Structures are given as C-alpha cells and as structure tokens.
Amino acid sequence: MAEKKNISGSEALIHCLLAEGVDLIYGYPGGAIMPFYDELYKFQDKLQHILTRHEQGATHAAQGFARVTGKVGVCVATSGPGATNLVTGIADAMIDSTPMVCLTGQVPSHLLGSDAFQETDIIGISTPVTKWNYQITDVKEIPEIMAKAFYIARSGRPGPVLIDITKDAQFAKADFTYAPCKQVRSYKPIPKLDKTAVAHAADLINQAKKPMIVWGQGVILGKAEEEFKAFVEKSNIPAAWTILGVSAIATDHPLNVGMVGMHGNYGPNKLTNECDLLIAIGMRFDDRVTGNLETYAKQAKIIHLEIDPAEINKNVDVDVAVLADVKESLPLLTSLVSAKPYTEWFAAFKAFDKIEFDRVIKNDLHPTKDGLTMGEVLKEINRASNNDAVIVSDVGQHQMIACRYAAFNHSKSNVTSGGLGTMGFALPAALGAKMGAPNREVVAIIGDGGFQMTIQELGTIFQTQAAVKVVVLNNDFLGMVRQWQQLFFDKRYASTEMVNPDFVKIAEGYFIEAKRVQKREELSDAVDKMMASDKPYFLEVCVEKEDNVFPMIPSGASVSDIRLS
C-alpha cells in the first residue's frame, strides 16, 4: 500500500482493515473506541459497520460470517464492559477454530493500571481464549500489529486474535505504510508433511478389514472438501462426522454413515468399538465424541491427520500421526490407498441404521402422537429449502436434532457452537451468516431458552433487513437440562421450566413478520410461507414439552453404551 503521511491511528486502523479485504464489521461504540468510530464515519462507502445490540452479538455475528465465508470475521468494542462482553464469543471462536480479529478500545496509556473509568485488563482476561493478543500504545505499531493479527487469525489452525488500542494511540499521528504479514518468527502454522508417515498410514489402510473414517471441521477449515471426497470415494471406507464436520460432503453421499458423539447415530458410535482401523481427519477427539476414553476404540489402530501438533496424543494415543494441512496430505494418501468392497462391514452399519430408524428416527420424523416433534420441523425445512439452506443452530436439544436431521448439499452449511456450547449463539450468528452468504437461505434453529439470551439482536436483523428465517422450537423448558433431569435426576425439574413471553408479539414489535404454529396441519404451509419471504421472518413452533433426543451416550459412558431410549 502507498505510504500515507501523518494520519491518525484511527485512520491507520481503517486502512489496515481495507488492506486485508475487510468490508464488513460488527460492533458497538463507546468512549475508548470513539476516535475509531469517528474515522469510520468517513469511510462508510468502503467499510460497512453493523451496530449489534450487544457486544456478544457482535462476536457471534462475526463468527457466523467467518464460518460461511472462510474469511476472517471482525468485531469492535469499547473498553471495560464492552471488551468483557466480547469474551464469550472469543472463547467460542477459540475452541471452534474460527478466524476472528477483535478490536477493543482502551483508556489512554497514561491511565493504564490506575483503575480509570471503564478500564479493565482485557489482555489478561482474554489471554487463555485467544490465539494471540496485543495492546497497542504507540501509533507507529498499528500497521505491523494489525498485519500480524490477520495472519495469525487465518493461518494454520484458525482462531481469534484480540488487539487492544489505547485512546491516545488512536488520536496520535504517524506516517503509514502497510505490508501484509507472511511469517512470524517461531510460529509455524503449517507443519511440513512427512511422506513416510503418509506411507505408513496407507499401509495400515490397505491392510484393514473394518476401517472407519471420522472427520471434523478441519476438512472445511482446510478447504479440502474435494480432496476429502476423493479419498473417501477411492478408499470406499465408511465415513462419519462430528457436528462441526457435517456438510463437508453431502448428507446423502452413499459413504456418509452419519454422526458420531453423544447424540450421534447408532451405527457409527457402536462400530467405533468394533473397527480395526480408525482414521481421524481434522478432528480433536472431543469428549462428546469419545465418551469414556478408557474404552474408546481400544481394539483399533488409529491414524490422525491433523494440522495442530497440540492435538496429537492429547486425548487419544495414535499409531500414525500425519501432521500437515489436510489439503496437502489427503491427495498423497489417496494416491497410495486401494479400494475394497467391505461388504460385511457396510452391512453392519445398515443393520444398526434399521434399528435406529425403527426405534428413534421414525418417531422423530413421522410421529403418530398429537404433539409436534422437533424432527418433523427439520424435515419440513429440508423439503422447503431443497436441502440447500444454511442451518444455524443454538445449543440444546434443538441443536442435536438440527445436526441429526438437517440435510446438506454444500459445504459450510452448518453453523453451530460446538466446543463451548454457547446458548444465545444462533440469532446473531445467523445474521452474520446471511450477510456472508446473501444468496443462500439462512435458517436459525433456536430453543426458547437460548433465544431469550440474545433476543435483542432481532433489532439488528430488523435494522439491516437481513432476510434471516428465525425458527424457535418452543417446549417451555430448558430442554436438554430437563432431559438429563428426567433420565438421571429422578425427574426433579429444578429451574428448567420456562414461563415465556409472547414471542410472536415481540418479533412483531421489531416489525418482523411472525407466525405461531401449534398443530401439525399448519406446519407445512407455515414453513413454505417463511421460506418464500424475501424479508426477515419469525416462526414459533410449539413442540412436545417432554420429548427427548435419542440416541444418547450418557456422560462418562462408553460409546458402546449408546441408548435408544
């Protein structure tokens, strides 16, 4: 970028964002970040700012944008409570490997450490939940630090970066030149591929009789969907997914055998402890996937394709680690493997599929009882969207139902809070997703509990007129907690029953068209009307109060102990 003479730190920040290709940011102004906002006012034609109704909403919106675009999401807040309100979203982005740059204002540098008004040590607070953070007190640091922030956020295993900028550094002036960061000393975001490890992995695959793939979000983050599909199809190995990995290949792909984990499918969970080779690709062996580690896949050899060395042998000891970007390692592995029919092995998955359909899926999608189920709502959304919507789910029973039953044709179509499990995530994240993918239908699936944690972001949706379709599955309970209370705490429903407001009136108060569905015969037409709208739309569906999500692996149990009821 051409040098600019004697510009303010605030203007320098704007030019840094523009140089990184940023044209959309989310935030909330305040005293310590006001110089930046004053400069932003002059660049409205180049850099769009979305005023969320809460700083947490800004982080989740930036996450939603990042998840559907693969770009770095950007959010801005002031010092003190503005900065601390970002922390939940930052922690969420950290554990789900979402690239994000967060800018926070800070009190003038001469007041640091004095307990000044709205001063807080956001660097200390955010250190455990950021990939990197830094406090700028000198205007001359801005270009280098901002370039480094974007490089670290997007490279290797992505994650959130926080840059705290004192108010005097925003006002101060200096000459400005911007150069994108291409490397940081001692930081090696992409390990060098060890071809010997790949060859060893291929030998294990070619010798296996009952191999199984479990893939995670690393395939999507690595932009390796085509390479992954080629590997799966050439090897002819059954492939199961974690909730953040879903949509990397189509839901109806014949080698896609379903979801692993606490509320995953019966077959892939059961057969994890019967396979002779487990090939983990871009996943981190989260406890919700493994269940009891003492009994997880002990009979199997394990191959782990991973970009982050910290994940190797962290939870599960592996026989072969292939440390590399999967976009680089998968084609080489594919070239070395040979296909087998695995006829009996696939038959085992099919047998478990039938059991699960008869005991669980049939009741979820084709119920005979009077009350509506969450599953049939997802079935109608799949139908009306032709399996082509971006589904943004909150956290709870509805999240597990959405991940189990939403159907996808394209990658980057499932947006949810995986590792942190943040209630309130979906509404602002859906806004960010819609702004990142304006030509796709974006449907938020939210429970009545999580909806009320960020309900104020209806105001942001109304103001932007982003055509988000908001579906609240209302069972008047904190449903997932209630399910655990029913199954493991003798139905002591302590503090989980909700006395809810009239959600339709609230949505209409934000000038968003809204409808409530209470009967099955109303559902199909209501979903069609919602999907046909080119504006924001709110649909409340009153579902069974005491429906449970099965299958289920009880906390701390083996994946073999998965329950169907």
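Residues numbered from 1 in each chain as written. Predicted model: local features only at pLDDT ≥ 70, side-chain atom pairs only at ≥ 80, totals over all residues. Heavy atoms only, no water.

Below, the discussion takes up the sheet that holds strand β7 (residues 160–166). The sheet built from six strands is open, its strands ordered β3-β2-β4-β5-β7-β6 with parallel pairing. Each edge of the open sheet carries a strand with a single partner, namely β3 (48–51) and β6 (132–136). Looking at each pair of strands side by side, their axes are set apart by 20 degrees on average, direction ignored. Relative to β7, β6 is paired through five bridges, and the arrangement is parallel. (Pairing = 2+ DSSP bridges. Helix = DSSP H or I, 4+ residues; strand = E, 2+ residues; numbered from the N terminus. Axes fitted to C-alpha atoms, helices over the stretch in contact; angles between N-to-C directions.)

Within the structure shown, the criterion is met by 13 aromatic pairs. Each ring, one from Phe36 and one from Tyr37, has its centre 5.8 Å from the other, and the planes form 90 degrees; the classification is edge-to-face. Relative accessible area serves as the criterion here: at 0%, Phe36 is assigned to the buried category. Ring geometry for Phe477 and Tyr493: centres 5.5 Å apart, planes at 70 degrees, overall edge-to-face. Of the two residues, Phe477 sits in the loop between β18 (469–474) and α21 (479–488) while Tyr493 sits in the loop between α21 and α22 (503–509), which places them 16 residues apart along the sequence. Judged by relative accessible area, Phe477 falls into the buried class, the value being 6%. Linked through ring pairs, Phe451, Phe503 and Phe538 together constitute an aromatic cluster. The ring of Phe477 is capped by Arg482, whose NZ or CZ atom sits 5.8 Å from the centre of that ring. (Phe/Tyr/Trp six-rings, centres within 6.5 Å; stacked < 30°, edge-to-face > 60°. Buried < 20%, exposed > 50% of the residue type's maximum accessible area, 1.4 Å probe, protein only. Lys NZ or Arg CZ within 6 Å of the ring centre and 35° of its normal.)

Next up on the list: the environment of Gln463. Secondary-structure assignment places Gln463 in helix α20 (residues 458–464). Judged by relative accessible area, which is 52%, Gln463 ranks as exposed. Sequence spacing of Gln463 and Thr52 is 411 residues, and the spatial spacing of their C-alpha atoms is 9.5 Å. Here Arg53 takes part through its side chain, which lies 2.7 Å from a polar atom of the side chain of Gln463. (Polar contact = N/O pair within 3.5 Å; in protein donor to acceptor, adjacent residues only side chain to side chain.)

In this section: helix α17 (residues 397–405). Burial runs high along α17: nine of the nine residues are buried. By the burial criterion, the buried members of α17 are Gln397, His398, Gln399, Met400, Ile401, Ala402, Cys403, Arg404 and Tyr405.

A few words on the domain arrangement of the protein. Once the domains are mapped, the protein shows domain 1 (4–176), domain 2 (195–349) and domain 3 (366–542). Centre-to-centre separation of domain 2 and domain 3, based on C-alpha positions: 31 Å. At the interface, 16 residues of domain 2 touch 18 residues of domain 3. At the boundary of domain 2 with domain 3, total buried surface from both sides reaches about 1400 Å², with 59% on carbon and sulfur atoms. Taken as a group, Ile243, Ser247 and His263 account for 39% of the area that domain 2 buries against domain 3, more than any other trio of residues on that side. Linking domain 2 with domain 3 are one salt bridge, by the criterion used here. (Domains from an automatic or database assignment. Contact = heavy atoms within 4.5 Å. Buried area = accessible area lost by both parts, 1.4 Å probe. Salt bridge = Lys/Arg side-chain N within 4 Å of Asp/Glu carboxyl O.)

Below, the discussion takes up the environment of Gly82. Following the sequence through the fold, Gly82 ends up in helix α4 (residues 81–84). As for Gly82 and Thr120, which are separated by 38 residues in sequence, their C-alpha atoms are 9.9 Å apart. With residues near it in sequence (within four places) discarded, Gly82 still touches Glu55 and Ala77.

A few words on the side chain of Ser10. One can find Ser10 in helix α1 (residues 9–19). Of the residues examined, Ser10 reaches a relative accessible area of 2% and is grouped as buried. Discounting chain neighbours no more than four positions away, the residues touching Ser10 are Pro35, Phe36, Glu39 and Gln170.

Before going further, it helps to examine the packing of helix α15 (residues 343–365) against α17. One can describe the packing of α15 onto α17 by two numbers: an axis separation of 12 Å at closest approach and a directional angle of 110 degrees. Viewed along their axes, α15 and α17 adopt a mutual orientation that is roughly perpendicular. Across the interface between the two elements, Glu356, Val360, Ile361, Asp364 and Leu365 of α15 pack against Ile401, Arg404 and Tyr405 of α17. Grouping the amino acids of the contact of α15 with α17 by side-chain chemistry returns five nonpolar, no polar and three charged. (Parallel < 35°, antiparallel > 145°, perpendicular 65-115°, else oblique. Nonpolar A, V, L, I, M, F, W, Y, C, P; charged D, E, K, R; others polar.)

The subject of this paragraph is the side chain of Gln170. Along the chain, Gln170 falls in helix α8 (residues 167–171). The exposure class assigned to Gln170 is buried, which follows from its relative accessible area of 1%. Within the structure, Gln170 has its side chain in polar contact with the backbone nitrogen of Phe36 (distance 3.2 Å). When near neighbours in sequence (up to four residues on either side) are disregarded, Gln170 contacts Ser8, Gly9, Ser10, Ala32, Ile33, Pro35, Phe36, Gly105, Gln106 and Ile165.

The next thing to look at is the nonpolar core. Ranked by internal contacts, the top residues of the largest apolar core, which has 103 residues, are Ile213, Trp215, Phe231, Ile279, Ile281, Val471 and Val541. A per-element tally of this core places α15 first, with seven residues. Inspection of this core shows a minimum of three residues originating in each of domain 2 (195–349) and domain 3 (366–542). Ignoring any residue separated from it by four or fewer positions in sequence, one finds Ile213 in contact with Phe228, Phe231, Val232, Ser235, Ile237, Pro238, Ala239, Ala240, Ile279 and Ile281. Core analysis: the second largest hydrophobic core is formed by 50 residues, Val415, Leu427, Leu458 and Val470 among them. (Core = buried A, V, L, I, M, F, W, Y, C linked by side-chain atoms within 4.5 Å.)

Take α15 next. With 23 residues, α15 should reach 33 Å at 1.5 Å per residue; the first-to-last C-alpha distance of 29 Å falls well below that figure. By the largest-angle criterion, Phe357 marks the main kink of α15, which is about 55 degrees. Every buried residue of α15 is accounted for by Trp345, Phe346, Phe349, Phe352, Glu356, Val360, Ile361, Asp364 and Leu365. On its buried face, α15 is in contact with β9 (211–215), β11 (256–259), α12 (266–272), α16 (374–385) and α17. (Expected span 1.5 Å × (residues − 1). Bend = angle between axes of the 7 residues up to and from the residue.)

Let us look at the sheet that holds strand β10 (residues 239–241). Ordered by their spatial adjacency, six strands build an open sheet running β11-β10-β9-β12-β13-β14, and the pairing between neighbours is parallel. Each end of this open sheet is capped by a strand with a single partner; those strands are β11 and β14 (320–323). For this sheet, the mean inter-axis angle between neighbouring strands, taken without regard to orientation, is 20 degrees. Strand direction decides the pairing type here: strand β12 (residues 277–281) and strand β13 (residues 301–306), joined by five bridges, are parallel.

The subject of this paragraph is unusual backbone geometry. If a residue is not glycine, its phi is most likely negative; likewise, a peptide bond is most likely trans. Look at the link from Phe550 to Pro551: it is a cis peptide, with omega at 0 degrees. Along the chain, Pro551 turns up in the segment after β20 (537–542). We note that Asn313 has phi near 60 degrees; this positive angle belongs to a residue other than glycine. Looking at the element boundaries, Asn313 is found in the loop between β13 and β14. Of note in this structure, Asp490 is not a glycine but carries a positive phi near 55 degrees. By secondary structure assignment, the location of Asp490 is in the loop between α21 and α22. For Asp490, a relative accessible area of 62% puts it in the exposed group.

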